[in-house]
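An overview of the molecular structure
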Amino acid sequence: MSTAPHYVPPPPPGPGVHPPFPAPPVEGRGRRVGLSLGISGGVLLLVCGGGAAAVAGLTAAMDDALNEQVDVVVGRYVEAVQNRDFARSYDLLCPAAQRSESEAAYTSRLSATEPFSAYQIGDLDLVYASVPVRLTYPDGRTETVEAELSQNTSTGAFEVCDLGE
C-alpha cells in the first residue's frame, strides 16, 4: 500500500514582509464616524425643528385669521343689536335661526331686552363654535354672553345664530 505524500504549506514569512494589499487606515476613524453622526444629527434636528416651527406658525396664523373673521361677523351683528336695528340684525342671523323664529317674533323679543352701551368680543372657541361677548350696560354693569356661530356650507363664512339673549 502506498501512501501519497501530503502537501504541507510552507511556514508564513517572517517580519518585514509586506502584505499583498494595504491595511485600511486606522488613524482618525473614530473622529470621522463621530463627526458624521454629529452632522447627521444636526441636519435631522434642523429638518424636524423647522417642520415643527412651520406647523406651529401655520396653526397660529389660521387661529388669527379665524378670530379676525369672527370679530367682523359678530361685531356687525352685535352692533346692529346695540343700535336697536333689529331688521338688520335679523338679516345677519344664520338661516337656521331665521327658520326657527319669524322676524316679528325676533324683533318683539329683542325690543324687550335692556340696551347695552358697549361690547367686547373674545376669542373663538372652535369646539363649541361660540365666542364670548362682554356687554357693558349704561349703569356700568357687565355681562358676558355667548355668540353661537354656524358656518355657511357654500361660502365657509361664519354666521351668528344666537347671542345668548
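To keep things clear, this report deals only with the structure shown in the data block. (Residues numbered from 1 in each chain as written. Predicted model: local features only at pLDDT ≥ 70, side-chain atom pairs only at ≥ 80, totals over all residues. Heavy atoms only, no water.)

1. Topic: the nonpolar core
Counting 25 residues, the largest nonpolar core has Val74, Tyr77, Val78, Tyr106, Val133 and Leu149 as its most contacted members. Breaking this core down by element, the ones donating at least two residues are α1 (29–82), α2 (86–91), α4 (103–111), β2 (130–136), β3 (142–151) and β4 (158–162). The element best represented in this core is α1, accounting for 6 residues. In contact with leucine 149, other than residues within four places in its own chain, are Val70, Val74, Leu124, Ala129, Val131, Phe158, Glu159, Val160 and Cys161. (Core = buried A, V, L, I, M, F, W, Y, C linked by side-chain atoms within 4.5 Å. Buried < 20%, exposed > 50% of the residue type's maximum accessible area, 1.4 Å probe, protein only. Helix = DSSP H or I, 4+ residues; strand = E, 2+ residues; numbered from the N terminus. Contact = heavy atoms within 4.5 Å.)

2. Structural notes on the side chain of glutamate 159
Mapped onto the elements of the fold, glutamate 159 is located in strand β4. Salt bridges are absent for the buried glutamate 159, whose nearest opposite-charge side chain, arginine 99, sits at 8.7 Å. Among all residues touching glutamate 159, those that are not within four sequence positions of it are Val73, Cys94, Pro95, Glu148, Leu149, Ser150 and Asn152. (Lys, Arg positive; Asp, Glu negative; His and termini not counted. Salt bridge = Lys/Arg side-chain N within 4 Å of Asp/Glu carboxyl O.)

3. So, the packing of aromatic side chains
In the structure shown here, the tally under the stated rule is 1 aromatic pair. Seen in terms of ring centroids, tyrosine 90 and tyrosine 106 are 5.4 Å apart; in terms of plane orientation they differ by 55°. Their pairing is tilted. Here the residue tyrosine 90 occupies a position in helix α2, and tyrosine 106 occupies one in helix α4, the gap between them amounting to 16 residues. With respect to burial, tyrosine 90 and tyrosine 106 carry one shared label: buried. (Phe/Tyr/Trp six-rings, centres within 6.5 Å; stacked < 30°, edge-to-face > 60°.)

4. Side note on the sheet that holds β4
If you walk across this open sheet you meet the 4 strands as β1-β2-β3-β4, and the pairing is antiparallel. Each edge of the open sheet is held by one strand with a lone partner, namely β1 (118–121) and β4. Within this sheet the neighbouring strands show an average axis-to-axis angle of 35°, counted without direction. Where β1 lies against β2, 4 bridges are found, and the strand directions are antiparallel. Each residue of the ladder has a partner; that of glutamine 120, found in β2, is arginine 134. (Pairing = 2+ DSSP bridges. Axes fitted to C-alpha atoms, helices over the stretch in contact; angles between N-to-C directions.)

5. Considering the state of the cysteines
A full pass over the atoms with the stated rule returns 1 disulfide. Between the sulfur atoms of cysteine 94 and its disulfide mate cysteine 161 the distance is 2.1 Å. Judged by the sign of its S-S torsion, about 125°, the bond between cysteine 94 and cysteine 161 is right-handed. Taken together, the residues cysteine 94 in the loop between α2 and α3 (95–100) and cysteine 161 in strand β4 connect sequence positions 67 residues apart. With relative accessibility at 22%, the residue cysteine 161 sits in the partly exposed group. (Disulfide = S-S within 2.5 Å.)

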